[in-house]
Amino acid sequence: MKLRIKYEKTGVLRFIGHLDVMRLFQKAIRRAGLDVAYSKGFSPHQIISFAAPMPLGMTSEGEYFDGEFNSVTSTKDMMERLNAVLPDGIKVHDIVLLNENAKPSMAIVSASDYYIYKNEECDKDIPALLKEYIEPMMNKATVEVVRKTKSKEEMTDIKPLIFDLKEYEDGIYMLLESGSKANLKPELVVAALCENAGIEYNRYDYMIHRLETYMGDCKALKPLSCDGENF
Amino acid sequence: MGKLALSERILMNIEKPARYIGNEVNIVKKDLNDIDIRFAVCFPDVYEIGMSYLGIQILYDFFNRRSDTYCERVYSPWPDLDKIMREENIKLFSLETQTPVSEFDWLGITIQYEMCYTNILQVIELSGIPLYAKDRKKGDTFVIGGGPCTVNPEPLADFFDMFYIGEGEVSYNEILELYKVYKESNMEREEFLRKASRIPGVYVPSLYEVSYNEDGTVRAINPIYDDVPEKIKWQAVMDFDNVPYPMKPVVPYIRATQDRVTLEIMRGCIRGCRFCQAGMIYRPTRQKNVNMLKEYARIMLDNTGYEEISLSSLSSSDYEKLDELLSFLIELRDNDHVNVSLPSLRIDAFSLDVMSKVQDIKKSSLTFAAEAGTQRLRDVINKGITEENIIKGSHDAFLGGWDKVKLYFMMGLPTETDEDLLGIAELAEKISEEYFDTVPKEKRNGRVMINASSSYFVPKPFTPFQWAPMITPEEYTRRAYFVKDAFARQRNKKSLKFQYHDAEITVLEGVLARGDRRLGKVLYDVYKKGAIYDAWTEFFDMNRYKEAFDENDVDINFYITRERADDEIFPWEHLDVGVSRRFLLNEWHNAKAGVVTPNCRQKCSGCGAAVYKGGVCFEAKN
Ligand code: SF4
């Protein structure tokens, strides 16, 4: 039976890397006594896979992983058992039993949305300084930025990957394409805004919080958990 | 979740910020209002190494069982953060509450190897505690050292208020009770130390005076007051089954070097290899009850969620209930998907059978700690493994499907000749020949691989070799090349590999291991020249040490290449680890004569450890 598990990663655990979160869940699943399936062979491992890697420093309330289980109880029971053994900063929000034909989460991620907000330790309120540059950027036909890959730097137009960008509470909201086809990091958008505003860019001057991870076409995005049902 | 000691800007600019954020699974949280004593335990190396070390988890658990004490962890900041902390004047902090260490009552540092000495200075200084113990006042943190290197802590004597000689679980309660009296009264720091020096196992270096002979050797080590004990006795846990064990070890987020449950099955070793310090100072050998171990294993796996378990001891094959324990582990593996790792098993039919059940034969290799290349030299070091054992073990393993063998050696052992060195290559060759004799052509897939690796011998205090000379770095290098050449001449050279270490670090280890108080200044100077993480080849710089030795007029050959006279007074003469000087000297003479000594189960050799009244010394009589 395949389950999809939605969780948040907040607080100081933003400094835990993606692989470490994976190992954290492997251990938590054992502590919670859930009947997870193992691969065969001499060093069996749990059959679980994560939807989207999450960079250091970012918090999120919309993370997912899929896991194969030999037996399941109920959404409520499994959530309670996991949450009882998870450290502060990681919390399971939902568990669904995946539909028969559901594809692995990793393969279907199409977008994520983010909330960019002020770093309280920084004297500058970066999101506030950038607000007036949002509309001009959205009105432009193209937004060219330098993108670094392993081997080269190249100019690319990120505009088609920005589905939405607007003021939101005290910060900035952005909905960006993500996943295996094309992936736009929120940092690049913030950096582009900073350039337009003539503000020096530092990743640590502001905070990023992922709100949700989506699947489906950009006109009809659905959270990844829509691929199954509570049980 | 509280605030972190480091800012977002710093954490996002250093490697692996998770080293510094605490909040791991199973950490202990306490209300500071209920606490009288704050104790920071430190492993002076990087987080991933320190978190792998069982001893810290034992102490952490032990101190936190006291309701009046809150024990937190500290590790050495990595050089990237070290630099930032110095530039920005940030004090070293504990992981649990992210509090500066200087606000703690105690900083307890475990001293596991000589090459971490500069990291110890780093930790004390970054904590904002005066580096020299003599400069600390009432209200300053007490710095206490523990661990195997404290059997000769003299090079570090200036930096510690006290050392705890022995196994941690024994006298600490007494120390802390006395400390509470000190803290709540107007007792002076000196008075506290003097009182503490009477607690078994406590060594307060400032209460001892060392005088030297003209030739530089120690003349005498005497307490400066009558009520300070002349000898400090190593403390051993004798009620080994009932000593508290960390059932809920802290589980790191980032991958530690040992990412698994560790089960200590036995302390000490019956074998008596003459180079091995652990085998001498942890005498007598004590075993844990097998049923208790099974229960511990289950509880710890449940509490941590680890998917792997490993046994810890100096020589697991000597654990008497090993069969029963291993069947249990195999069951765990089959039913609960727990990987089992089995270090320090002697290779024989039984262990091969077990290993074939828990590991992938094709991917794993067998390990023989041969230590020396000829039987003559193995007799000198009292290593009870013969060429026949190794060939027979390899033969059985090849039949079982293994085709990788690892061999460990030491170069520079006392009395070593070129013939012994040649023996290293020849033994590797013989094992490869055994493979070709054992495994028919059609069954060979791929090539047999014999990986020999060699470290250099370092004489350690409280071993029979504490009298032995070390060879020079140049001679080490010559021997390494000699062996390398010998490997290149073997018939099956394509199946053989030989690796060796850097000689310079070994030489320093040798200087510090048997060093005296005069080296304190050298350490201070080396540290001030920027040395930290000397155990890491990428940070180690021999020139800093060379300069500091020169500036302080220290001739390192005095410490390394000199053979000690039988009656020389050692810098650690005022410490007593149970094993007697008479026994060790006798063993040194036996070594030079090539006479072997039976292990504790074959025949007691009256080493002196029977004073602890337990363990193997009394096994047969129970
Ligand atoms: S007293 Fe005898 S049995 Fe006990 S540790 Fe020493 S040699 Fe071994």
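The rules behind the values
Along each chain, residue indices are assigned from 1 in the same order as the chain's sequence is written. Here the convention is simple: chains get letters from A, ligands get numbers from 1, in the order in which they are written. At least 70 in pLDDT is required for a residue's local features to be given in this predicted model, at least 80 for side-chain atom pairs to be given and counted, and no such filter applies to totals for whole chains, interfaces and linings, which use all residues. Only hydrogens and water are removed before side-chain values are computed, so all heavy atoms of the structure are retained for them. Secondary structure elements follow DSSP: runs of H or I no shorter than four residues count as helices, runs of E no shorter than two count as strands, and numbering proceeds from the N terminus. Atoms counted for the radius of gyration: C-alpha only. Globule rule: 2.2 Å times the number of residues to the power 0.38. To sort residues, take the accessible area from a 1.4 Å probe on protein chains only and compare it with the maximum for the residue type: under 20% means buried, over 50% means exposed, and anything in between is partly exposed. Contacts are assigned to residue pairs that have any heavy atoms within 4.5 Å of one another. Surface accessibility in these figures is a Shrake-Rupley result with a 1.4 Å probe; residues are shielded only by whichever protein chains are displayed. Within this scheme the basic residues Lys and Arg register as positive and the acidic residues Asp and Glu register as negative, but His and the chain ends are omitted. A charged residue contributes its charge at one atom only: NZ of Lys, CZ of Arg, CG of Asp or CD of Glu. Any two strands with at least two DSSP-identified bridges between them are counted as paired. Angles shown run from 0 to 180 degrees and are taken between the N-to-C directions of axes, each axis being a line fitted to C-alpha atoms and, for helices, limited to the stretch in contact. Domain start and end points were adopted from an automatic or database domain assignment. Buried area: the accessible surface (1.4 Å probe) lost by two parts on joining, summed over both. The working definition used for a salt bridge is a side-chain nitrogen of Lys or Arg within 4 Å of a carboxyl oxygen of Asp or Glu. Consider each residue's heavy atoms; a residue with any of them within 4 Å of a molecule or strand counts as near. Each residue is assigned to one of three groups, with Ala, Val, Leu, Ile, Met, Phe, Trp, Tyr, Cys and Pro labelled nonpolar, Asp, Glu, Lys and Arg labelled charged, and all others, Gly among them, labelled polar. Pairs of N or O atoms within 3.5 Å make up the polar contacts considered here, provided that, within protein, one atom can donate a hydrogen while the other can accept it, and that residues adjacent in sequence are counted only when both atoms are side-chain atoms. Residues belong to a common nonpolar core when they are buried Ala, Val, Leu, Ile, Met, Phe, Trp, Tyr or Cys residues joined through side-chain atoms within 4.5 Å.

A. Just the overall build of chain A, in detail. Counting its secondary structure elements, chain A contains 6 helices and 12 strands. Here chain A has a C-alpha radius of gyration of 19 Å; the compact-globule value for 231 residues is 17 Å, and the two agree. Along the longest, intermediate and shortest principal axes, the C-alpha atoms of chain A span 55 × 35 × 35 Å. The buried share of chain A, reckoned over its 231 residues, is 53%. Contacts in chain A between residues far apart in sequence, at least 24 positions, make up 71% of those at least 6 positions apart.

B. How the structure looks around the overall build of chain B. Along the backbone of chain B there are 20 helices and 19 strands. Taken over C-alpha atoms, the radius of gyration comes to 25 Å for chain B, in line with the 25 Å a tight globule of 622 residues would show. The principal-axis extent of the C-alpha atoms belonging to chain B is close to 80 × 65 × 55 Å. Put simply, chain B has 622 residues, and 60% of those count as buried. Taking all contacts inside chain B whose residues are at least 6 apart in sequence as the whole, residues at least 24 apart take part in 77%. Element-wise, carbon and sulfur atoms account for 49% of the exposed surface of chain B, whose accessible area totals about 24400 Å². For chain B, the separation between the mean place of its 80 positive charges and that of its 97 negative charges on side chains is 3 Å.

C. Spatial organisation of the sheet that holds strand β16 (residues 404-411) of chain B. Residue and element names in this part refer to chain B. Sheet architecture is open: 4 strands sit in the order β15-β16-β17-β18, paired in parallel fashion. Strands at the two margins of the open sheet, each flanked by one partner only, are β15 (366-371) and β18 (496-500). Sheet twist, expressed as the mean angle between neighbouring strand axes with direction ignored, is 20°. Sheet analysis places strand β17 (residues 449-456) next to β18, joined by 5 bridges and oriented parallel. Its bridge partner lying in β18, S454 is registered against Y500. Packed onto the sheet, helix α15 (residues 473-488) meets β16, β17 and β18 and runs at close to 175° relative to β18.

D. Looking closely at the domain arrangement of chain B. Residue and element names in this part refer to chain B. Under the domain assignment, chain B is made up of domain 1 (8-233) and domain 2 (260-357 + 581-622). The straight-line distance from the C-alpha centre of domain 1 to that of domain 2 is 29 Å. Counting residues at the interface gives 7 residues for domain 1, matched by 9 residues for domain 2. With both chains or domains summed, domain 1 and domain 2 bury close to 710 Å², and 48% of this area falls on carbon and sulfur atoms. For the interface between domain 1 and domain 2, the tally reads 2 salt bridges.

E. A look at the site of the ligand. Taken together, R283(B), C600(B), C604(B), S605(B), G606(B), C607(B), A609(B), A610(B) and C617(B) make up all the residues around the ligand. Across the shell around the ligand, the residue classes tally to 6 nonpolar, 2 polar and 1 charged.

F. Layout of the pattern of salt bridges. For the coordinates displayed, the defined rule picks out 72 salt bridges over all chains. For the salt bridge of K288(B) with E264(B), the shortest nitrogen-to-oxygen distance reads 3.8 Å. Of this pair, K288(B) sits in the loop between β12 (286-287) and α9 (290-304) while E264(B) sits in strand β10 (residues 261-264); the two residues are 24 residues apart in sequence, bridging distant segments of the chain. E264(B) matches K288(B) in its accessibility class, with the two residues each being buried. Residues R601(B) and E320(B) are paired through a salt bridge, measuring 3.5 Å at the closest nitrogen-oxygen approach. You can see R601(B) sitting in the segment after α20 (581-593) and its partner E320(B) sitting in the loop between β13 (308-312) and α10 (322-336), a full 281 residues away along the chain. Residues joined by salt bridges that share partners form a network here, namely D20(A), R23(A), K27(A), R255(B) and D259(B).

G. View of the sheet that holds β10(B). All names here are of chain B. The strand order β10-β13-β14 describes an open sheet built from 3 strands, whose pairing is parallel. Looking at which strands have only one partner, the edges of the open sheet turn out to be β10 and β14 (339-341). Going from strand to strand, the sheet's axes swing by 25° on average, the running direction of each strand aside. Here 4 bridges tie β10 to β13, and the two strands are oriented parallel to one another. Residue pairing in the sheet places V261 in a bridge with I309 of β13. Its contacts with the sheet put α10 on β13 and β14, and the angle it makes with β13 is roughly 170°.

H. Highlighting the domain arrangement of chain A. Residues and elements named next belong to chain A. Along its sequence, chain A is organised into domain 1 (2-107) and domain 2 (109-215). Both faces combined, the contact of domain 1 with domain 2 buries some 1200 Å², and carbon together with sulfur accounts for 42% of it. The three residues of domain 1 that bury the most area against domain 2 are M58, T59 and E61, which together make up 36% of that side's buried surface. Connecting domain 1 to domain 2 are 2 salt bridges. Between K6 and E212 there is a salt bridge, with the nearest N and O atoms lying 2.7 Å from each other. Inspection of the domain 1/domain 2 interface yields 11 residue pairs in polar contact (both at pLDDT 80 or more). Among the elements that make up the side of domain 1 that touches domain 2, the one with the highest residue count is strand β3 (residues 59-68) (6 residues). Partitioned by chemical class, the residues of the side of domain 1 that touches domain 2 number 9 nonpolar, 6 polar and 5 charged.

I. Spatial organisation of the nonpolar core. F25(A), W106(B), L107(B), I111(B), F192(B) and L342(B) are the most contacted members of the largest nonpolar core, which has 242 residues in total. The residues touching L107(B), leaving out its near neighbours within four places in the chain, are A40(B), C42(B), V101(B), V123(B), I124(B), S127(B), I129(B), T141(B), F142(B), V143(B) and I144(B). Among the nonpolar cores identified, the runner-up in size contains 28 residues, and I116(A), L130(A), V190(A) and A197(A) belong to it.

J. Region of the structure containing helix α16 (residues 503-513) of chain B. Residues and elements named next belong to chain B. α16 sits mainly inside the fold: 9 of its 11 residues count as buried. What α16 keeps buried is the set A503, I505, T506, V507, L508, G510, V511, L512 and A513. Looking at the packing, one finds that the buried side of α16 touches α5 (117-126), β17, α15, α17 (519-528), α18 (542-551) and α19 (556-559).

K. Molecular detail of the pairing of strand β7 (residues 208-212) of chain B. Residue and element names in this part refer to chain B. In this structure, β7 lies alongside strand β8 (residues 218-223), joined through 5 bridges in antiparallel fashion. Bridged to E209 within β8 is N222. Hairpin geometry of β7 and β8 is characterised by an intervening segment of 5 residues between the two adjacent antiparallel strands and by a positive phi of about 95° at G216.

L. Spotlight on the interface of chain B and chain A. Each side of the interface is counted separately: chain B has 38 residues, and chain A has 29 residues. Across the chain B-chain A interface, the total number found is 5 salt bridges. Between D259(B) and R23(A) there is a salt bridge; the shortest N-O distance is 2.7 Å. Counting residues per element, the ones that place at least two in the side of chain B that touches chain A are α1 (8-11), α9, α10 and α11 (349-358) of chain B. Across the side of chain B that touches chain A, the residue classes tally to 15 nonpolar, 11 polar and 12 charged.

M. The arrangement of the environment of D323(B) in detail. Residues and elements named next belong to chain B. Looking at where D323 falls in the secondary structure, it is placed in helix α10. Judged by relative accessible area, D323 falls into the partly exposed class, the value being 48%. With 247 residues separating them in the primary sequence, D323 and F570 have C-alpha atoms 43 Å apart.

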